[in-house]
Amino acid sequence: MSKTEETIRFSVSLPRPLLEEIDQRVVGKGYASRSELVRDLIRERLVADAWACGTEEVAGVLTIVYDHHQRDLTQQIVDVQHRDFVHVIATTHVHVDHHNCLEVIILRGRPAEIERLSLEIGGLRGVRLAKLTQTARLAL
């Protein structure tokens, strides 16, 4: 938070079991307080809503693991990135072992476009894992 942002305190009433679950998550995930956990949960919901709305530009990180010995796979991955109407901001490529590569692709565009690219790359033969992490601009 910036120094100019005002923090507003408000009360929330919860059933005891739900509060106990929150407290377990505060401890289990290393949060400093309930407030920190609740702020993160609200931000996650706002990102999910931005993706569900589908009208504003969002960002995503596509993490893939693939067999770099699979014939033409690397070129197919690059071709998908060049063909789609999604802005590829950056990629990072790491050799995990003799057969597997890890690639992180940072994307910007409309939710449907990013999801389509993610599914297309994830469906290529030789891609062993494809996970899309969603984010969006938040006024927080």
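Residues numbered from 1 in each chain as written. Predicted model: local features only at pLDDT ≥ 70, side-chain atom pairs only at ≥ 80, totals over all residues. Heavy atoms only, no water.

Engineer: Got a sec to walk through the pattern of salt bridges? Specific residues and values, please.
Structural biologist: Counted according to the given criterion, the structure contains ten salt bridges. Put simply, glutamate 36 and arginine 39 hold a salt bridge, and the shortest N to O gap is 2.5 Å. Note that glutamate 36 and arginine 39 are positioned in helix H2 (residues 34–53) at a spacing of three residues, about one turn of the helix. By relative accessible area, which is 31% here, glutamate 36 ends up partly exposed. The class of arginine 39 is partly exposed, set by a relative accessible area of 27%. Ionic contacts of the salt-bridge type, sharing partners, join the residues Glu57, Arg108 and Arg137 into one network. (Salt bridge = Lys/Arg side-chain N within 4 Å of Asp/Glu carboxyl O. Helix = DSSP H or I, 4+ residues; strand = E, 2+ residues; numbered from the N terminus. Buried < 20%, exposed > 50% of the residue type's maximum accessible area, 1.4 Å probe, protein only.)

Engineer: I'd love a proper account of the environment of tyrosine 31, names of residues and values included.
Structural biologist: Examined against the element boundaries, tyrosine 31 turns out to sit in the loop between helix H1 (16–28) and H2. The residues touching tyrosine 31, leaving out its near neighbours within four places in the chain, are Arg25, Val26, Glu36, Leu37 and Asp40. Within the local environment of tyrosine 31, its side chain forms a polar contact with the side chain of aspartate 40, the two groups lying 2.6 Å apart. (Contact = heavy atoms within 4.5 Å. Polar contact = N/O pair within 3.5 Å; in protein donor to acceptor, adjacent residues only side chain to side chain.)

Engineer: Break down the nonpolar core for me, with residues and values.
Structural biologist: Formed by 21 residues in total, the largest nonpolar core has its most connected members in Leu62, Ile64 and Ile121. If you tally residues by element for this core, the top one is strand E1 (residues 58–67), at four residues. Apart from the residues lying within four places of it in its own chain, the contact partners of isoleucine 64 are Ile77, Cys101, Leu102, Glu103, Ile105, Ile121, Val127, Leu129 and Ala130. (Core = buried A, V, L, I, M, F, W, Y, C linked by side-chain atoms within 4.5 Å.)

Engineer: If you had to explain H1 to someone new, which residues and values would you point to?
Structural biologist: In this model H1 runs 18 Å from its N-terminal to its C-terminal C-alpha over 13 residues, within 8% of the 18 Å that 1.5 Å per residue would give. In the stretch just after H1, glycine 30 is the one whose phi turns positive, near 75°. (Expected span 1.5 Å × (residues − 1).)

Engineer: Residue-level account of the sheet that holds strand E3 (residues 100–109), with values.
Structural biologist: Taken together, four strands build an open sheet; the order of strands is E2-E3-E1-E4 and the sheet is antiparallel. Each end of this open sheet is capped by a strand with a single partner; those strands are strand E2 (87–95) and strand E4 (127–135). Pairs of neighbouring strands in the sheet enclose a mean axial angle of 15°, with direction left out of account. Examined bridge by bridge, E1 and E3 share ten bridges and lie antiparallel to one another. Counterpart to leucine 62 in the pairing with E3 is isoleucine 105. (Pairing = 2+ DSSP bridges. Axes fitted to C-alpha atoms, helices over the stretch in contact; angles between N-to-C directions.)

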